[in-house]
Amino acid sequence: MNDKLIFDSLYNILYFSFALSVLLFSFQIDFKGYTKITHKIGKCLTLFFLVAYILLIGTRAYDVGTDTVNYYKFNWQMDTKSDGGEFLLVWIVQFVKIIGGSFTWLLLLISFIF
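Criteria and cut-off values
- Each chain carries its own residue numbering, running from 1 in the direction its sequence is written.
- Selection of residues for local features in this predicted model requires a pLDDT of at least 70, selection of side-chain atom pairs for listing and counting requires 80 or more, and totals for whole chains, interfaces and linings are taken over all residues.
- Side-chain measures were taken over the full set of non-hydrogen atoms in the model, leaving aside hydrogen atoms and water.
- Whenever Lys or Arg places a side-chain nitrogen within 4 Å of a carboxyl oxygen from Asp or Glu, that contact is recorded as a salt bridge.
- In DSSP terms, a helix is any run of H or I states spanning at least four residues, a strand is any run of E spanning at least two, and both are numbered starting from the N terminus.
- For the exposure calls, accessible area comes from a 1.4 Å probe over protein chains only, and a residue counts as buried if that area is under 20% of its type's maximum, exposed if over 50%, partly exposed in between.
- Only buried Ala, Val, Leu, Ile, Met, Phe, Trp, Tyr and Cys residues count toward a nonpolar core, and they belong to the same one when joined by side-chain atoms within 4.5 Å.
- Contact criterion: two residues are considered in contact whenever any of their non-hydrogen atoms come within 4.5 Å of each other.
- Side-chain rings of Phe, Tyr and Trp (the six-membered ring for Trp) are treated as a pair once their centres are within 6.5 Å; stacked means planes under 30 degrees apart, edge-to-face means over 60, and tilted covers the remaining angles.
- Nitrogen and oxygen atoms within 3.5 Å of one another constitute a polar contact, given that in protein one can donate a hydrogen and the other can accept it, and given that sequence-neighbouring residues count only through two side-chain atoms.

1. Describing the pattern of salt bridges
Taken as a whole and judged by the stated rule, the model has one salt bridge. Between Asp8 and Lys4 there is a salt bridge; the shortest N-O distance is 3.1 Å. On the criterion of helical spacing, the pair formed by Asp8 and Lys4 is a turn pair, its members being four residues apart in helix H1 (residues 4–32). A residue is classified by how much of its surface remains accessible, and Asp8, at 30% relative accessible area, is partly exposed. Residue Lys4 is classed as partly exposed on the basis of its relative accessible area, which comes to 47%.

2. Looking at the nonpolar core
Across soluble globular proteins, nonpolar side chains show a tendency to be buried alongside one another. Residues Trp76, Leu89, Ile92, Val93, Val96, Phe103, Leu106, Leu107 and Ile110 constitute the largest nonpolar core, which totals nine residues. What Trp76 contacts, discounting residues up to four positions off in sequence, is Tyr71, Val93, Val96, Lys97, Gly101, Ser102, Phe103 and Leu106. Ranked by size, the runner-up nonpolar core spans eight residues in total, among them Ala52, Tyr53, Leu56 and Ala61.

3. Overview of the packing of aromatic side chains
Across all of its chains, the model carries six aromatic pairs by this definition. In this structure an aromatic cluster arises from ring pairing among Phe7, Tyr11, Tyr15 and Tyr53.

4. Thoughts on the side chain of Ser21
With respect to the helices and strands, Ser21 occurs in helix H1. Ser21 sits in the buried class, given a relative accessible area of 16%. One polar contact links the side chain of Ser21 to the main-chain carbonyl oxygen of Phe18, over a distance of 2.9 Å. Look past the residues within four positions of Ser21 in its chain and what remains in contact with it is Leu45 and Phe49.

Right under this line is the structure:
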């Protein structure tokens, strides 16, 4: 699990790396044109950053973020039912609990879906 300081640092590094790679990739396309190689590189970079974000956000600690604490406390521990606003989250929580998953599984599933 990642605590808040480590999570924020990793998130900022990942965000900066993503922005820098997009900038460099756009310069590459502007100067050399769009080729099959740049298309493959773009797909690989997109997949890499997508998986990195999913893993980083999905493995964070329950106390990182404002909503995560509430999800952990009310939906995971107390098993509180929603008043209709977040019915899909209640279903996902129940599904993860039925298959025997942990709260980290829930965060990974939510980060993958959304």
